[in-house]
Amino acid sequence: EAASPHPLSPNAKLAVLGPTPLKVRKMIGFLARMLGRMLFSFIFIAAGMSHFKDIKGTGAKIHPSFPVEYVGGLDNAVLIACGLMVGGGVLVALRIAPRLGSLCLIGFLVPTTYFVHVLGMQEAKDEGKKMEEMIAVMKNTALIGAALCIFGYECGGSSQGAKKKAE
């Protein structure tokens, strides 16, 4: 007796729906990827626009050890961060240049995680603020991972992409 395929394999049959035709699986995959890109990108587009409205307030959150002299001052650092967030988010969401967009987002997330949240967590006096910054560090780390996944998938690193190239 042959073993049944793993329930998550592409050849598995959904117990409730029965066998799923290839077109349906492709449509579900397309919709999931599109919705995922939109939801992932939205946080960056919304935050970037919000920070752009309050450049001074956003700049006040950046740790004083950030090397602002390399970008022409604190206001320029905030403008660059906003540009990376909004630009990267749009490039990923609309799939115009998702690899470039994911690199823009990583270019924003890495220094922000360190200069705003890690250093903010180290300097926080009360436990509530430390926990808030710890959560932000973990969230940003997950977002960096998601951006790396987008970059990798767009390079043809998924198993589906490899199968298409082999055919």
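Attention here is on the structure that accompanies the text. (Residues numbered from 1 in each chain as written. Predicted model: local features only at pLDDT ≥ 70, side-chain atom pairs only at ≥ 80, totals over all residues. Heavy atoms only, no water.)

The terminal C-alpha atoms of helix α1 (residues 22-53), which comprises 32 residues, lie 47 Å apart, in line with the 46 Å expected from a rise of 1.5 Å per residue. The principal kink in α1, of about 30°, is found at S41. All of the buried residues in α1 are G29, R37, F40, S41, F44 and G48. Those residues of α1 that are buried are in contact with α3 (74-93), α4 (98-123) and α5 (127-154). (Helix = DSSP H or I, 4+ residues; strand = E, 2+ residues; numbered from the N terminus. Expected span 1.5 Å × (residues − 1). Bend = angle between axes of the 7 residues up to and from the residue. Buried < 20%, exposed > 50% of the residue type's maximum accessible area, 1.4 Å probe, protein only. Contact = heavy atoms within 4.5 Å.)

So, about the nonpolar core. Counting 12 residues, the largest nonpolar core consists of F40, F44, M85, V92, L105, I106, F108, L109, L143, I144, A147 and I150. Listing elements by their share of this core, those giving two or more residues are α1, α3, α4 and α5. Leave out the neighbours within four places in its chain, and L109 touches F44, N140, L143 and I144. (Core = buried A, V, L, I, M, F, W, Y, C linked by side-chain atoms within 4.5 Å.)

We now examine the packing of aromatic side chains. Tallied over the full model, the rule gives three aromatic pairs. For the ring pair F40 and F44, a centre distance of 5.3 Å and an interplane angle of 65° mean the geometry is edge-to-face. Of this pair, F40 and F44 both sit in helix α1, separated by four residues, roughly a single helical turn. Taken individually, F40 and F44 each receive the classification buried, so the pair is uniform in this respect. Arranged with centres 5.0 Å apart and planes meeting at 90°, the rings of F66 and F115 form a pair that is edge-to-face. Taken together, the residues F66 in the loop between α2 (55-61) and α3 and F115 in helix α4 connect sequence positions 49 residues apart. Side by side, F66 and F115 carry an identical accessibility label, which is buried. (Phe/Tyr/Trp six-rings, centres within 6.5 Å; stacked < 30°, edge-to-face > 60°.)

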